[in-house]
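# Structural overview for review
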Amino acid sequence: MTDSITEQRLVGGPRPDLDLSQADWQSSTQGVGGVQIAFVEGYIAMRNRHSPEVPALIFTPAEWRAFVLDAREGEFDLT
């Protein structure tokens, strides 16, 4: 069942019907930034902790791994 507040968008494909209402959202251990993630039914959900009502992005494990590896290499560095 889909969370009534959070619409879900799967990066690169159709969205799964995940219930994010009971998700265990985790923030950075450094407490920096506003990104939270949750592991739900084999997917990774990502949202803005300052605006949790905004739709979460849903990643497959392969998409998440590619995102993390690219981020570590500075792919998304805008400075």
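In this text, all values refer to a predicted model and were calculated from it rather than measured experimentally. (Residues numbered from 1 in each chain as written. Predicted model: local features only at pLDDT ≥ 70, side-chain atom pairs only at ≥ 80, totals over all residues. Heavy atoms only, no water.)

### A word on the overall build of the protein chain
Assigned secondary structure in the protein chain consists of one helix and five strands. From first element to last, N terminus to C terminus, the protein chain shows the α and β order β-β-β-β-β-α. Looking at the protein chain as a whole, 28% of its 79 residues qualify as buried. Counting only contacts in the protein chain whose residues sit at least 6 apart along the sequence, the fraction spanning at least 24 positions is 29%. Accessible surface computed for the protein chain: about 5500 Å², of which carbon and sulfur atoms make up 52%. (Helix = DSSP H or I, 4+ residues; strand = E, 2+ residues; numbered from the N terminus. Buried < 20%, exposed > 50% of the residue type's maximum accessible area, 1.4 Å probe, protein only. Contact = heavy atoms within 4.5 Å. Areas by Shrake-Rupley, 256 points an atom, 1.4 Å probe, with all protein chains shown as cover.)

### Observations regarding helix 1 (residues 61-72)
Helix length check: helix 1 (12 residues) gives 16 Å between terminal C-alpha atoms against 16 Å at 1.5 Å per residue, within 8%. Following helix 1 by one or two positions, Gly74 has its phi on the positive side, about 85°. (Expected span 1.5 Å × (residues − 1).)

### Let's talk about the environment of Ala56
Within the secondary structure layout, Ala56 lies in strand 5 (residues 56-59). For the pair Ala56 and Met46, spaced 10 residues apart in the sequence, the C-alpha separation amounts to 5.4 Å.

### Focus: unusual backbone geometry
Of note in this structure, Glu41 is not a glycine but carries a positive phi near 50°. Along the chain, Glu41 falls in the loop between strand 3 (35-40) and strand 4 (43-48). A relative accessible area of 59% places Glu41 in the exposed class.

### Thoughts on the side chain of Gln36
Looking at the element boundaries, Gln36 is found in strand 3. Separated by 3.3 Å, the side chains of Gln36 and Ser27 make a polar contact. Within the local environment of Gln36, its side chain forms a polar contact with the side chain of Arg47, the two groups lying 2.8 Å apart. Setting aside anything within four residues of it in sequence, one finds Gln36 in contact with Trp25, Gln26, Ser27, Ala45, Met46, Arg47 and Arg49. (Polar contact = N/O pair within 3.5 Å; in protein donor to acceptor, adjacent residues only side chain to side chain.)

By themselves, these figures tell us nothing about what the structure is for.
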